[in-house]
Structure formats: structure tokens, C-alpha cells
Amino acid sequence: MKDQIKYYENKLTFEMDPSDLYEAFEHSTNYIAVDARQKFGFDKEHIPTAMNLPHREITLESTKHLDKTKIYVCYCDGIGCNASTKGALKLTKLGFKVKELIGGIEWWKFDGYATEGTKPSKGAVFQCAC
């Protein structure tokens, strides 16, 4: 039972869902969404206020301007993409506080939140009954 508790605690330490991220944005400036996909995916559609930092370009040099006191929430397309995991791993190795967004931008939209870009999704405000 202790192993199972630790497993769930770890999941909550290192992951968050779209409603958690939306709520974090509403109540804190400590969270920054990081789109770990290539630029063309970001340009097409991304979470509002997100920064684009493709996982292949994450280096000490490309992240030196980032604030290490913030929590960076990496995302990608969704469950069929691992760019967020690769980005989260690289940022963690560089000393950043990182979480991964469960379901990526697809679950962000599925939960009814808007996106920005050349092909944005309007979305409505989603109220989680969690």
C-alpha cells in the first residue's frame, strides 16, 4: 500500500491536468506553459500565454533567460506524442521545476479551453467538478 501511495503522490508531483493548469493560471504567476513541439505546431495552435521551446532545441544556452523560480508545464499534441516528456526531462536536467500536462493540447481543448494561433479553438470556460 505504501508503494501505491508513493506512486500516486509522484504522479501529482510531476503531472497536472488541463483544469489544474487553468486554475494555476488564474491564481498564480508561477506557472509557465511550454509547448515542446516544433514551431509550425505552435504557430498553428497553442495554449494562451505559452512559450514555444521545442524539445530538440532545449539547451543550457537556449534556456539561460528563463526564471528558475517558476514552474514550467510542458505539453505537446497529446497521448500520441512524447515531445512534452522529452522537454520536461531536458528542463529538469537543467535544474528547472517542471510538470507535464496530461493529454497535451488535445485534452486542453477537450476540456473546453481556448487556444491561440493561426487555427485557434474558441473554447468555453470549463468548470471542473473534481
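Further up the page is the structure itself.
Asks: Explain helix H4 (residues 83–93) residue by residue, including any values.
Replies: Buried within H4 we find Ala83, Ser84, Gly87, Ala88 and Leu91. Angular distribution of buried residues about the axis of H4 spans 130 degrees; they occupy a single face of the element. If you follow the buried residues of H4, they end up packed against strand E4 (71–75) and strand E5 (97–101). Two residues or fewer after H4 comes Gly95, characterised by a positive phi angle close to 95 degrees.

Asks: Break down the layout of surface pockets for me, with residues and values.
Replies: The volume enclosed by the largest pocket comes to roughly 250 Å³. Along its surface, the largest pocket is lined by 17 residues, and Arg37, Gln38, Phe40, Gly41 and Asp77 are the ones closest to its centre. Partitioning the lining of the largest pocket into residue classes produces 5 nonpolar, 4 polar and 8 charged.

Asks: Explain a nonpolar patch on the surface residue by residue, including any values.
Replies: A contiguous nonpolar surface patch, about 490 Å² in accessible area, is contributed by Ile79, Ile102, Trp107 and Phe110. When you line up the elements, Ile102 lands in the loop between E5 and helix H5 (104–110).

Asks: Account for the side chain of Thr115, with residues named and values stated.
Replies: Here Thr115 is to be found in the segment after H5. Taking the relative accessible area as the measure of exposure, Thr115 reaches 6% and is therefore buried. Of note is the side chain of Thr115, whose polar atom sits 2.7 Å from the side chain of Glu45.

Asks: Tell me about the packing of aromatic side chains, residues and numbers included.
Replies: For the coordinates displayed, the defined rule picks out 6 aromatic pairs. Look at Tyr22 and Tyr113: their rings are 4.4 Å apart centre to centre, the planes differ by 15 degrees, and that puts the pair in the stacked class. A residue pair is termed long-range when its members are at least 10 positions apart, and Tyr22 in helix H2 (residues 18–27) and Tyr113 in the segment after H5 qualify at 91 residues. On the basis of an interplanar angle of 65 degrees and a centroid distance of 6.5 Å, the ring pair of Phe25 and Trp108 is categorised as edge-to-face. Of the two residues, Phe25 sits in helix H2 while Trp108 sits in helix H5, which places them 83 residues apart along the sequence. You can call Phe25 partly exposed: its relative accessible area is 24%. The exposure class assigned to Trp108 is buried, which follows from its relative accessible area of 3%.

The rules behind the values
- Residues numbered from 1 in each chain as written.
- Predicted model: local features only at pLDDT ≥ 70, side-chain atom pairs only at ≥ 80, totals over all residues.
- Heavy atoms only, no water.
- Buried < 20%, exposed > 50% of the residue type's maximum accessible area, 1.4 Å probe, protein only.
- Helix = DSSP H or I, 4+ residues; strand = E, 2+ residues; numbered from the N terminus.
- Arc of directions from axis to C-beta.
- Contact = heavy atoms within 4.5 Å.
- 1 Å grid on protein atoms, 1.4 Å probe; cavity = no way out; pocket = protein on both sides within 12 Å on 5 of 7 lines; lining within 4 Å.
- Points joined across faces, edges and corners; volume = space filled by probe spheres on them.
- Nonpolar A, V, L, I, M, F, W, Y, C, P; charged D, E, K, R; others polar.
- Patch = residues over 30% accessible without salt bridge, like charges linked within 9 Å, V, L, I, M, F, W, Y side chains within 5 Å.
- Areas by Shrake-Rupley, 256 points an atom, 1.4 Å probe, with all protein chains shown as cover.
- Salt bridge = Lys/Arg side-chain N within 4 Å of Asp/Glu carboxyl O.
- Polar contact = N/O pair within 3.5 Å; in protein donor to acceptor, adjacent residues only side chain to side chain.
- Phe/Tyr/Trp six-rings, centres within 6.5 Å; stacked < 30°, edge-to-face > 60°.

That is the geometry; function is a separate question.
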